[in-house]
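Structural features, examined
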Amino acid sequence: MAKQGGARPGSGRKPGSPNKKTAEVLSAVLEEGVTPVEYMLGIMRDEAADAKDRAWAAEKAAPFVHPRPAPVPRTVEFDLPDISSTEGVKQAIAQIAKEVAAGKLAPAEAQSLVSIVNAQKDAITTGEILERLERLEQQKGLSKWQRSAA
């Protein structure tokens, strides 16, 4: 029986290509010769125009002419205590808070560092819970097969 309906490989409009209405609007704008950005730049450059209008046009056109640069991540260096124990995790978070208070670390950077330290804390806690569970099961005398079946 032949497949009916649904998408078939290679059919339909290609991803990223404009639909008919969008293509028509775009071609009409290009035929007129003035795009919205060109219009705003024209107002901005018109010395006879009102200063407020020129400032508005400059503000609106700026993102299209001068896009904002991507933020550059910075490397932060300072000493953290050993985070292989829950006590060390507490000390590390306290140290991160001190670095923020001293102005050496931005709050957003501190938040990223605390999330890394918390991931370590979660790993420690999970390991401790598993060890306790295994000890309890051994005390109850459950075999490996009984534990998995329960």
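Rules used in this analysis
Residues numbered from 1 in each chain as written. Predicted model: local features only at pLDDT ≥ 70, side-chain atom pairs only at ≥ 80, totals over all residues. Heavy atoms only, no water. Axes fitted to C-alpha atoms, helices over the stretch in contact; angles between N-to-C directions. Helix = DSSP H or I, 4+ residues; strand = E, 2+ residues; numbered from the N terminus. Parallel < 35°, antiparallel > 145°, perpendicular 65-115°, else oblique. Contact = heavy atoms within 4.5 Å. Core = buried A, V, L, I, M, F, W, Y, C linked by side-chain atoms within 4.5 Å. Buried < 20%, exposed > 50% of the residue type's maximum accessible area, 1.4 Å probe, protein only. pLDDT = per-residue confidence, 0-100.

**Observations concerning the packing of helix α4 (residues 86-101) against helix α5 (residues 107-140)**
It is the contact of α4 with α5, at a shortest axis distance of 10 Å, that shows an interaxial angle of 175 degrees. Classified by the interaxial angle, the pair formed by α4 and α5 is roughly antiparallel. Counting all contacts with α4, which are made through Thr86, Val89, Ala92, Ile93, Ile96 and Val100, the residues of α5 involved are Pro107, Ala110, Leu113, Val114, Val117, Asn118, Lys121, Ile124 and Glu128.

**Looking at the nonpolar core**
Membership of the largest hydrophobic core is limited to 7 residues, which are Val89, Ala92, Ile96, Leu105, Ala110, Val117 and Ile124. Looking at this core, the elements with two or more residues in it are α4 and α5. The residues touching Val89, leaving out its near neighbours within four places in the chain, are Asp82, Ile83, Val117, Lys121 and Ile124. Core analysis: the next-biggest nonpolar cluster, separate from the first, contains 5 residues, Met40, Leu41, Ala57 and Ala61 among them.

**Here's the deal with the confidence of the model for the protein**
With 91% of its residues at a pLDDT of 70 or more, the protein shows a mean pLDDT of 85. Predicted confidence in the protein is weakest over helix α6 (residues 144-149), with a mean pLDDT of 60, and strongest over α4, with 93.

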